[in-house]
Amino acid sequence: MDRARDRDLAPTLGLVFGLALAFHAATGILGTVRSGIPFSELAAYFDGHLYLQIAKSFPLPYSEEGRNYLSQAPLYPALVWLAQLVVPSALAGWGTVAIWVAWLCSAAAAAAFYLLAREVGARPGWATALFVLANPRWASIAATAHAEAAAMPLVILSLLAFSRRRLGWCVVWLSLASLARFPAILLGGPLAFGALILRRDFRIRNFAWLSLPLVVLALFQLYQYLRIPDFGGLLQEHSVFWDAHLVWPFQAFLEFGGRFHRTLGMQQLLLDVSLLFYFSAIVIGLRRGSGEAGFVLAACVAILAFFHVSLSGRPAVSAFPRLVVLAWPAALLLHWRWLSPRLPSLGAGLLSLWLGVASLWIGTAQVAGAVVLQKLRLPYFPRVLENLEQDHPDWLEFNRGIRRRP
């Protein structure tokens, strides 16, 4: 029944995919124009250069020579590598292909979100427009080389399968999402609670299915232990970028929030709005009468939001809107289910248009800002740009300068 219904929606989903793809492409292209860089270089900025080196190391990804890359998730680089095998090199190089993959994944997320919004009883058209347009941080992520772009459609498909009581597909999609962004595995907790407790279904096979994301992540860790001598685990290897550990909720915000407020005006506004948006979504979802869907969506937002406000260090504050972006679809649906009966179609259209313009402007500004900051602050970045299109990885040591390629 679900497959037949989805096939009937194919034209609508194709339109959603195409419009979302156009918006993400426009954001990326205008970002390069605003920052004055060639389009092929766009994939080097933010964390894109890390994923590109991992992609070039396939079919056996990672290397002892690239220890500073071991904490980056493998799925987005794997998709870039597979796309590079298909796309002729004369048509597009590594950088261009990496951006194309991010755009396609982000557009697929919009189509999946349409199905999810329809499944939970929201007005799917305007909800999907807001999903694509309303979050400036998602706009910049979806337009550039970010692993969140690959994780987002998988997270949404996992929630969709859960709402359709397809637990097997739910955990398959979640397992893949966890290989794109490791924190996605946290969603296994709310989904397990919904499947076992709310639905009172304690069959052994459900426990087996729910263990799959943990098994998949454990197998990935085992691969890294076998491939990399003295591999210290994801947290230890990630310390070259950010030595994060759990602290009391909001401790980092109390410690660094004032400094952050004084230095980054627009970023501070995005942070404040993000905190208000995600935590108010939790309250809305836990209201009486929200039903199973509202409770599970609220629990998904809560576990991602509270985890990321309980991390140490300044990045927990400055990067919060990006770190918690996988909670964006669930939080948006919670707000939209509450707001849409009170908002006429004209109001929804005007809201989508206004937020889309704001997201386009802020998203392209974030691209331009990343270009300036990374060129200014990262001494190895000229080397990254110089070797962007070579076919083999050029591993760097970010804490000790550049490691010579063997």
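All values derive from a computational prediction rather than experimental measurement. (Residues numbered from 1 in each chain as written. Predicted model: local features only at pLDDT ≥ 70, side-chain atom pairs only at ≥ 80, totals over all residues. Heavy atoms only, no water.)

**With respect to the nonpolar core**
Piece 1. Judged by nonpolar contacts, the single largest core of 144 residues is most densely connected at Tyr-76, Val-80, Phe-131, Trp-138, Met-152 and Trp-328.
Piece 2. A total of 18 residues in this core trace back to one element, the largest contributor, which is helix 5 (residues 94–119).
Piece 3. The residues contacting Tyr-76, other than those within four sequence positions of it, are Tyr-51, Ala-98, Ile-99, Val-101, Ala-102, Ala-145, His-146, Ala-147 and Ala-150. (Core = buried A, V, L, I, M, F, W, Y, C linked by side-chain atoms within 4.5 Å. Buried < 20%, exposed > 50% of the residue type's maximum accessible area, 1.4 Å probe, protein only. Helix = DSSP H or I, 4+ residues; strand = E, 2+ residues; numbered from the N terminus. Contact = heavy atoms within 4.5 Å.)

**Section: the environment of Ile-29**
Piece 1. If you trace the backbone, Ile-29 turns up in helix 2 (residues 10–35).
Piece 2. If we ignore the near neighbours within four places in the chain, the residues touching Ile-29 are Phe-39 and Trp-103.

**Considerations on the environment of Leu-222**
Piece 1. Mapped onto the fold, Leu-222 is located in helix 12 (residues 212–227).
Piece 2. The exposure class of Leu-222 is partly exposed, given its relative accessible area of 44%.
Piece 3. Separated by eleven residues in the primary sequence, Leu-222 and Gly-233 place their C-alpha atoms 9.8 Å from one another.

**Observations regarding the layout of surface pockets**
Piece 1. One number sums up the size of the second largest pocket: a volume of about 690 Å³.
Piece 2. By residue number, the principal contributor to the lining of the second largest pocket is helix 15 (residues 265–285), which donates nine residues.
Piece 3. For the lining of the second largest pocket, a count of residues per class yields 21 nonpolar, five polar and one charged. (1 Å grid on protein atoms, 1.4 Å probe; cavity = no way out; pocket = protein on both sides within 12 Å on 5 of 7 lines; lining within 4 Å. Points joined across faces, edges and corners; volume = space filled by probe spheres on them. Nonpolar A, V, L, I, M, F, W, Y, C, P; charged D, E, K, R; others polar.)

**Brief notes about unusual backbone geometry**
Piece 1. A cis amide bond links Phe-58 with the next residue in sequence, Pro-59, at an omega value of 15°.
Piece 2. The phi dihedral of Phe-46 falls on the positive side, at around 55°, and the residue is not glycine.
Piece 3. In this structure, Phe-46 sits in the loop between helix 2 and helix 3 (48–56).
Piece 4. A positive phi angle, close to 60°, is found at Arg-165, a residue other than glycine.
Piece 5. Position of Arg-165 relative to the elements: it lies in the loop between helix 8 (147–163) and helix 9 (167–180).

**As for the pattern of salt bridges**
Piece 1. Following the criterion strictly, the structure yields seven salt bridges and no others.
Piece 2. Its salt-bridge partner being Glu-148, residue Arg-322 comes within 2.7 Å of it at the nearest N-O pair. A residue pair is termed long-range when its members are at least 10 positions apart, and Arg-322 in helix 18 (residues 320–323) and Glu-148 in helix 8 qualify at 174 residues.
Piece 3. Classification of Arg-322 by relative accessible area gives buried; the value is 16%. (Salt bridge = Lys/Arg side-chain N within 4 Å of Asp/Glu carboxyl O.)

**With respect to helix 4 (residues 75–86)**
Think of an α-helix as turning once every 3.6 residues; residues three or four places apart then point the same way.
Piece 1. With twelve residues, helix 4 extends 17 Å between its outermost C-alpha atoms, agreeing within 8% with the 16 Å of an ideal straight helix rising 1.5 Å per residue.
Piece 2. Of the positions making up helix 4, those classed as buried are Leu-75, Tyr-76, Pro-77, Ala-78, Val-80, Ala-83 and Gln-84.
Piece 3. Considering only its buried residues, helix 4 is in contact with helix 3, helix 5, helix 8 and helix 9. (Expected span 1.5 Å × (residues − 1).)

**Some details on helix 19 (residues 328–339)**
Piece 1. Compared with an ideal rise of 1.5 Å per residue, which puts twelve residues at 16 Å, helix 19 spans 16 Å between its outermost C-alpha atoms and is within 8% of the ideal.
Piece 2. Of all twelve residues that make up helix 19, nine are buried, and the element is covered over most of its length.
Piece 3. All buried positions along helix 19 are accounted for by Trp-328, Pro-329, Ala-330, Ala-331, Leu-332, Leu-333, Leu-334, His-335 and Trp-336.

These figures come from the coordinates and say nothing about function on their own.
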